[in-house]
Amino acid sequence: AGELVLNGQTMTVSGNLTTNGKIQMTNAADSLTVAGNALFRAVNCSGSAHGTFSAGTLRVRGNFTQTRYEPQYNYDWCDNATFSASGTHKTILDGTSQQTITFDSGGSASNYSHFQDLEISNTVGVTVASAVFVNGWLTLRTGAVVDNQG
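Conventions used here
Residues numbered from 1 in each chain as written. Predicted model: local features only at pLDDT ≥ 70, side-chain atom pairs only at ≥ 80, totals over all residues. Heavy atoms only, no water. Pairing = 2+ DSSP bridges. Helix = DSSP H or I, 4+ residues; strand = E, 2+ residues; numbered from the N terminus. Core = buried A, V, L, I, M, F, W, Y, C linked by side-chain atoms within 4.5 Å. Buried < 20%, exposed > 50% of the residue type's maximum accessible area, 1.4 Å probe, protein only. Contact = heavy atoms within 4.5 Å. Polar contact = N/O pair within 3.5 Å; in protein donor to acceptor, adjacent residues only side chain to side chain. Axes fitted to C-alpha atoms, helices over the stretch in contact; angles between N-to-C directions.

1. Quick word on the pairing of strand β10 (residues 90–93)
At step 1: For strand β8 (residues 57–60) and β10, the ladder comprises four bridges, and the chain directions are parallel. Along β10, the bridge assignment pairs T57 with K90.
At step 2: With four bridges connecting them, β10 and strand β12 (residues 117–120) associate as parallel partners. Across the sheet, L93 pairs through a bridge with I120, a residue of β12.

2. Focus on the nonpolar core
At step 1: In this structure, L32, F40, L58, F64, F83, L93 and I101 are the most contacted members of the largest nonpolar core, which totals 22 residues.
At step 2: Sorting the residues of this core by element identifies β4 (22–25), β5 (31–34), β6 (38–40), β8, β11 (99–103) and β12 as the ones contributing at least two each.

3. Considering the environment of D30
At step 1: Following the sequence through the fold, D30 ends up in the loop between β4 and β5.
At step 2: On a C-alpha basis, the gap between D30 and A55 in space is 7.1 Å, while along the polypeptide they are 25 residues apart.
At step 3: Among residues more than four places away in sequence, those in contact with D30 are L6, N7, G8, Q9, Q24, M25, G56 and T57.
At step 4: Within the structure, D30 has its side chain in polar contact with the backbone nitrogen of N7 (distance 3.4 Å).
At step 5: Separated by 2.4 Å, the side chain of D30 and the backbone nitrogen of G8 make a polar contact.

4. Re the sheet that holds strand β15 (residues 146–148)
Across a sheet, paired strands are connected by hydrogen bonds in the backbone, their directions being either parallel or antiparallel.
At step 1: Spatially, β3-β6-β9-β11-β13-β15 is the arrangement adopted by the six strands of the open sheet, whose pairing is parallel. On the outer flanks of this sheet lie β3 (17–19) and β15, each paired with one strand and no other. In this sheet, adjacent strand axes meet at a mean angle of 15° when their direction is disregarded.

Quick look at the structure:
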């Protein structure tokens, strides 16, 4: 697992993003755009693979998925906070086709996964397929469509 530190920079992923490591978004100027799907998952139980999403903007144009780690021989889930945003961090879902949000371990506490601020501007539709928590602002832009299937 590696580490991506945006440090005030802009990055665009033209396809899908799957992270087993750390993404550090701690600067208000941090900007990460994912043209495809974004998958945030853990690879161990230590919590050391968590990213930091405390500032900046994450824009996802495909599905947003958070998964937790399940040890191979122990069926207790042990890592719930693989996407635990805080501070001024904002996630924007603005795809041009149907998008789905899925959290394996959603919750508002810091040891669970959640959005800080979430903006939805997809006019085709965003399906909420699980329990999703937004600890800050939820903004639905004009024409945005949200369907709860979770």
